[in-house]
Amino acid sequence: MAARAGGPYGRGNFRYTSYFKQRTAQILDAQARAAERTGQWAAEQARDLAPVDTGELRASITYTVRRTAQSFAIVVYAGAAHALYVELGTVNMSAQPYLRPVLDQIGRQYQAFLTDEMRKVA
């Protein structure tokens, strides 16, 4: 008996491959949404923790989400010229960290958001 074109499952393989591609795309979309939500959360938390004198530091805190080959990179940063001095301190001024406390929690927050997004996919 000759084998049918498309292997032992015939044309059914196409359906499974298509389903797998759809699910993979949905998972990547969920990861992207979770990364975006985490970036927003991190920037808001850092703004809340940042000391305010003129408001320039707080206003300069933002984030970007970059797609890498295997995952996403969430970059939270402050663009004010004095941001590093406030975060780390100087000889004349003690440190007032506003990014480090957020970065310590960002992994757990991403996992929580990713769990939530994956439940929407399932």
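Refer to the preceding data block for the structure.
All values reported here derive from a predicted model rather than from experimental measurement. (Residues numbered from 1 in each chain as written. Predicted model: local features only at pLDDT ≥ 70, side-chain atom pairs only at ≥ 80, totals over all residues. Heavy atoms only, no water.)

Draft legend 1. Geometry of the nonpolar core. Core analysis: the largest hydrophobic core is formed by 20 residues, its most contacted members being Leu57, Ile61 and Tyr98. Those elements that place two or more of their residues in this core are helix H1 (12–49), strand S1 (61–67), strand S2 (72–78), helix H3 (83–88) and helix H4 (100–121). Excluding its chain neighbours within four sequence positions, the residues that come into contact with Ile61 are Ala43, Ala46, Arg47, Ala50, Tyr77, Ala78 and Tyr98. (Core = buried A, V, L, I, M, F, W, Y, C linked by side-chain atoms within 4.5 Å. Buried < 20%, exposed > 50% of the residue type's maximum accessible area, 1.4 Å probe, protein only. Helix = DSSP H or I, 4+ residues; strand = E, 2+ residues; numbered from the N terminus. Contact = heavy atoms within 4.5 Å.)

Draft legend 2. Fine view of H4. Between its first and last C-alpha, H4 extends 32 Å over 22 residues, near the 32 Å set by a 1.5 Å rise per residue. Considering bend angle alone, the principal kink of H4 is centred on Ile106 and spans about 45°. Along H4, the residues that are buried comprise Val102, Ile106, Phe113, Leu114, Glu117 and Val121. (Expected span 1.5 Å × (residues − 1). Bend = angle between axes of the 7 residues up to and from the residue.)

Draft legend 3. Seen up close, the environment of Thr115. Residue position: Thr115 is located in helix H4. Judged by its relative accessible area of 37%, Thr115 falls in the partly exposed class. Measuring from C-alpha to C-alpha, the distance between Thr115 and Ala30 comes to 9.1 Å, with 85 residues separating the pair along the chain. At 2.8 Å, the side chain of Thr115 and the backbone oxygen of Gln111 are in polar contact. (Polar contact = N/O pair within 3.5 Å; in protein donor to acceptor, adjacent residues only side chain to side chain.)

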